[in-house]
Amino acid sequence: MYQYSLADAMTDKGNFTVPKTSESNMGFGVLGVFLGLLLEVSTHGPHTVPRTSWRHQDLDLMEFSEPGIFNYSTLLLSEKSDALYVGAREAIFQLSKKNVTVRNNKVQWKVAETPVSMCTLKGKSKEKDCLNYIRVLQAVNDERLYVCGTHAFQPLCDYLNLTDFSLTGRPEDGRGKCSFDPSQSFTTVMVDGELYSGTSYNFLGSEPIISRYSPSHSLLRTEYSTSWLNEPSFVYADVIKEGHNAASGEDDKIYFFFTEVSVEYEFFGKLLIPRVARVCKGDLGGQRTLQKKWTSFLKAKLVCSMPELNFVFNVVHDIFILKESDSKDTVIYGVFTSQWGNVGLSAVCAYKMTDVEDAFSRGKYMQKATVEHAHTKWVRYNGIIPTQRPGACINNEMRHQNINSSLNLPDKTLQFVKDHPLLEDPVLPIGNRPRLITRDVNYTQIAVERVRALDGNVYDVVFTATDKGILHKSVVSEGNVHLVEEVQLLKTSESIKTLLLSSETRSLYAGSDSGVVQSPTAFCGRYLSCEDCVLARDPYCAWSHRNATCVNTLDVPRPQHGTLIQSMNGDADKCPRVPGLAVKDYQQVTVKPGSSVELPCLVQSNLAQVMWKSNGSFLTEASGFHLIGDSSLLIYSVASVDQGNYECWSVEWAPAAKKNFSRLLAGYAVSLGLPTRAPDQVVQVTATLGREDAASTHAAEGNDNTDRAPLTPAIAPPSYTAPASVSILLTSPPQTDPSLTPPPSSTIRFHPKQHHPPSPNGPISETKAPAAEYLQHNNSSIALLFLFLLFFLLFLSALAYNCYMQYLPAPCMRMRAALLGSHKSASQPEYRACEAGLMEAPAADKIIMTEAPTQNGSQTSQNLRALRDTGYETEPECGNGRVTSHNYGDNCAPQEKPFDVDCDSQSIQFADADEPYC
Ligand SMILES: *[C@@H]1O[C@H](CO)[C@@H](O)[C@H](O)[C@H]1NC(C)=O
Ligand SMILES: *[C@@H]1O[C@H](CO)[C@@H](O)[C@H](O)[C@H]1NC(C)=O
Ligand SMILES: *[C@@H]1O[C@H](CO)[C@@H](O)[C@H](O)[C@H]1NC(C)=O
Ligand SMILES: *[C@@H]1O[C@H](CO)[C@@H](O)[C@H](O)[C@H]1NC(C)=O
């Protein structure tokens, strides 16, 4: 059978092979491959764990929302002024981009009654659909914005005057510029006063369109044909100016990114394909052919796959184009998931702009071919291509041939491009694999900034937002990727709809249904030690020895950069040795005998392992201690042997530096206090006191400590590690270094003095990286639960079976009699035979019964024996029950079996038996 791997097909470079098998065969083959690899990928696939996790309540993020207003999903940053424009439901805001909590202007744009009633008449919901969702906000010039809203499924556009922040009130038709449906995918970009949109042109959303609206020309659009656009979900559009190519007279190009249903692959369902499409800015449509249609529309496939696992990420969710002055360095970043969303993997793929350009300027065309009757498929076009390359933008060469605009293009070329918009050559990602693969997240948005680190190298910092309100920040260097941190941007677990990045304000802006959040691009000040600062491998951050703080390098004048410590390898040996924590500085903990004590140790890094030492040797779980909340040590029922010094060590492996870094994070001297009469109460009292102390200390320090409840699972991202022990840290000595930025309430209160430990030589505790542990936690506990249930069920059925077989004594027999007694008369002829066959077995010979139940086919008895020997009897075979039970009538009929016996399925189960068992 022809094995046709979808992954092969979707990643193939040139040879489009038409599978020789029938469609359905291939469909199933593909499905098989997919199911196989879904399993493989979800268990063995690569994934990255964020090194640090920041919870929303620990960060001082700036947020904006107004009561009663939702869907803050359209954001526009002003380049020149201090403005962030926000399009929400029925309102447009102007916020300060330095601080989004500052609202400078607001205008409402509601829908009048007539359109609302028309909308509801058409079956749309008044509360959800028949409102005005602002979806287009584009700057026309410094004074005006072009604004469009869905306007109760009758999209309208208007100009927003920025001087007085008012709409002109003379709205124009928004069809083809803005979607009708507020929940439909959609993208726009404004280029030189012309609005390019990828949306749909009708109420039903069934007519996809890529259009250009300009005040001076009529709407230019795509042909309405599935070979042009086939149920696309638009995600992004942007312009690439051809400034550097001015000599060749190349036109600027507008790129559209979307996922659509493939026409070129056959599949048993709809197979989605991520695409990049392109049009030329100067396109005016054709003279006769393709009138008022794009003459330059071409599209190609984007590939984002893991070749070694044959796994394909075939849905693109967002694109960011990292533009460089030299377009050779321009990189396109995209976030992808698989159409089979339950795999829970997201990927970031990066593409060179030049590869995209090559695909369009040199790629081979595909064409629709009719094979076998009326069935069509897409294959490579091998015929003659018209001399003017179809879909090419007008350049100087063409102008020399008197083709000055698309109106002069020959009909032949236009007819060709009309029929062949799809290119065969795919756009392959840099390195032929994803830059980043993350498990258990759905990325929705991406933004990228190119940062020069102190080592002089340039790093791409990739910010990805998830559907749970989390931001991931990862650093790409030479093909390696490192997930620096995850940030809980939104209070609640909801999707981030828009993500913008401003290098000027060094901020990210995230729009969601409930509001707008502004976050700094780096949290350097939160790394409290040089090691943490360096191990973070954040190109924005470096350790300032002078100030003993982790600083944002942009805050430090360039001449002083030499004094900063940064290692993009994470080589923390560059950090200065500081005097170690002396034993006399250990925190004294006096415990009453018999009570329990919790020694906190807060580790910021999810990649670090925590190890506890007592009296200089490593503790293991076996020594009666317990690690709680990932890192704190719990000593039960403290006795005099438990006295001594306890140290918390973190060991972090820096893969790029190929070194382990060990640090002493906390030291305690535990001693016994006065015994008390009721040790049980003491445990309670100590615990409560500890927490109350913690709370009051917080309050005294004026920290906003109102919601420090740990993240609920609904809010918590899967890899979020919420230390349970935080509150007790308060008993630690106050922070010694006043120059540090005041840490948030849950960050380590005591600044662990740096210490260089002896290399761990004792037994290494089995602690896993907390995040890794957390990631596995769900799986393993579910697996345990599942196993337990399985065994329980097996036990029950074994019990039931044995009772049924009368292997168990009286009580069981009585129950059995009660259960079976009433069905005496229900006998069915087909079960007589099996009864007869089994009658011979002696009733008392239970043991022999187990060994050799019947004279039936030996295969069957072996099967049965195997089943019984293991005790995992789940399907009591019908015949055996009859051996001694003729008193109770014929129980062989399936509907009479008390223990889910189904003789019909038995014959399938034992299909290899010589004769039917029943
Ligand atoms: C708008 O926001 C509301 C409230 O969060 C949400 O239920 C709804 O799905 C959103 N609608 C769209 C179109 O995003
Ligand atoms: C990702 O999205 C899919 C589809 O919406 C959903 O089924 C899945 O649970 C999500 N996974 C995670 C980890 O959020
Ligand atoms: C630590 O050493 C002290 C003194 O040598 C001893 O009394 C105590 O039992 C030791 N504690 C542990 C936990 O080993
Ligand atoms: C680094 O530490 C980890 C955990 O303690 C250990 O498993 C690993 O072998 C160490 N690696 C090296 C190279 O020392």
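Residues numbered from 1 in each chain as written. Chains lettered and ligands numbered in written order. Predicted model: local features only at pLDDT ≥ 70, side-chain atom pairs only at ≥ 80, totals over all residues. Heavy atoms only, no water.

(A) Structural context of unusual backbone geometry. Of note, the phi angle at Glu90 is positive, near 65°, even though the residue is not glycine. Relative to the helices and strands, Glu90 is located in the loop between strand 4 (84-87) and strand 5 (91-95). The class of Glu90 is buried, set by a relative accessible area of 11%. (Helix = DSSP H or I, 4+ residues; strand = E, 2+ residues; numbered from the N terminus. Buried < 20%, exposed > 50% of the residue type's maximum accessible area, 1.4 Å probe, protein only.)

(B) Fine view of the site of ligand 2. Within the structure, ligand 2 sits among Asp440, Val441, Asn442, Asp467 and Lys468. The side chain of Lys468 places a nitrogen or oxygen atom 2.8 Å from an oxygen atom of ligand 2. A total of 360 Å² of accessible area belongs to ligand 2 in isolation, and the protein chains cover 47% of it. Residue classes in the shell around ligand 2 are distributed as 1 nonpolar, 1 polar and 3 charged. (Near = heavy atom within 4 Å. Polar contact = N/O pair within 3.5 Å; in protein donor to acceptor, adjacent residues only side chain to side chain. Areas by Shrake-Rupley, 256 points an atom, 1.4 Å probe, with all protein chains shown as cover. Nonpolar A, V, L, I, M, F, W, Y, C, P; charged D, E, K, R; others polar.)

(C) Structural view of the site of ligand 1. What surrounds ligand 1 is the set Phe70, Asn71, Tyr133, Pro182, Lys497 and Asp513. Its free accessible area being 360 Å², ligand 1 has 63% of it covered by the protein chains. Across the shell around ligand 1, the residue classes tally to 3 nonpolar, 1 polar and 2 charged.

(D) Spatial organisation of the packing of aromatic side chains. One pass over the full model with this rule turns up 19 aromatic pairs. An aromatic cluster of three or more residues is present, and its members are Trp54, Phe523 and Tyr527. Its end group placed over the ring of Tyr213, Lys177 keeps NZ or CZ at 3.6 Å from the ring centre. The ring of Tyr201 is capped by Arg221, whose NZ or CZ atom sits 5.1 Å from the centre of that ring. (Phe/Tyr/Trp six-rings, centres within 6.5 Å; stacked < 30°, edge-to-face > 60°. Lys NZ or Arg CZ within 6 Å of the ring centre and 35° of its normal.)

(E) Structural context of the state of the cysteines. Under the defined criterion, the tally for this structure stands at 8 disulfides. The partner cysteine of Cys280 in its disulfide is Cys393, sulfur to sulfur 1.8 Å. With the S-S dihedral at roughly -85°, the linkage between Cys280 and Cys393 falls on the left-handed side. Within this pair, whereas Cys280 is found in strand 18 (residues 272-280), its partner Cys393 is found in the loop between strand 26 (375-380) and helix 5 (396-400), the two being separated by 113 residues in sequence. This pair shows no difference in class: Cys280 is buried, exactly as Cys393 is. Cys524 shares a disulfide with Cys541; S-S distance 2.0 Å. Residues Cys524 and Cys541 are joined through a disulfide that is left-handed, its torsion about the S-S bond being -85°. You can see Cys524 sitting in the loop between strand 34 (516-520) and helix 7 (530-535) and its partner Cys541 sitting in strand 35 (residues 541-544), a full 17 residues away along the chain. On the basis of relative accessibility, which here comes to 4%, the residue Cys524 falls in the buried class. Free cysteine: Cys178, not disulfide-bonded; nearest cysteine sulfur from Cys148 at 5.4 Å. (Disulfide = S-S within 2.5 Å.)

(F) Structural detail: the sheet that holds strand 34. Across the sheet, which stays open at both edges, the 4 strands sit in the order 2-34-33-32 with antiparallel pairing between neighbours. The sheet is open, and its two edges are formed by strand 2 (62-64) and strand 32 (496-502), each paired on a single side. Across the sheet, the axes of successive neighbouring strands diverge by a mean angle of 20°, strand direction being ignored. Relative to strand 34, strand 33 (residues 507-512) is paired through 5 bridges, and the arrangement is antiparallel. In the strand pairing of strand 34, Ser507 is matched with Pro520. (Pairing = 2+ DSSP bridges. Axes fitted to C-alpha atoms, helices over the stretch in contact; angles between N-to-C directions.)

(G) The arrangement of helix 4 (residues 353-362) in detail. Buried residues of helix 4: Met353, Val356, Glu357, Ala359 and Phe360, and no others. Taken end-on, helix 4 shows its buried residues confined to a sector of 155°, consistent with a single buried face. The inward-facing, buried residues of helix 4 abut strand 16 (233-240), strand 17 (253-261), strand 18, strand 19 (298-301), strand 23 (331-337) and strand 24 (345-352). (Arc of directions from axis to C-beta. Contact = heavy atoms within 4.5 Å.)

(H) Highlighting the sheet that holds strand 30 (residues 470-477). A sheet is described by the order of its strands in space; here 5 strands give the open sequence 1-31-30-29-28, paired in mixed fashion. On the outer flanks of this sheet lie strand 1 (52-54) and strand 28 (443-452), each paired with one strand and no other. Strand-to-strand twist across the sheet, computed as the mean angle between neighbouring axes with direction ignored, equals 20°. Relative to strand 31 (residues 480-488), strand 1 is paired through 3 bridges, and the arrangement is parallel. Residue pairing in the sheet places Trp54 in a bridge with Val487 of strand 31.

(I) Summary view of helix 3 (residues 113-121). Among all positions of helix 3, only Pro115, Val116 and Cys119 are buried. Buried residues of helix 3 fall within an arc of 100° about the axis and therefore sit on the same side. Exposed side chains of helix 3 directed beyond 90 degrees from the buried face belong to Glu113, Thr114 and Leu121. Positioned one or two residues after helix 3, Gly123 has a phi angle of 95°, which is positive.

(J) Highlighting the pattern of salt bridges. In this structure the tally under the stated criterion is 38 salt bridges. The closest approach of N and O atoms between Lys468 and Asp467, which form a salt bridge, is 3.7 Å. In the salt-bridge network here, residues are joined through shared partners; they are Arg51, Asp532, Glu652 and Arg663. (Salt bridge = Lys/Arg side-chain N within 4 Å of Asp/Glu carboxyl O.)

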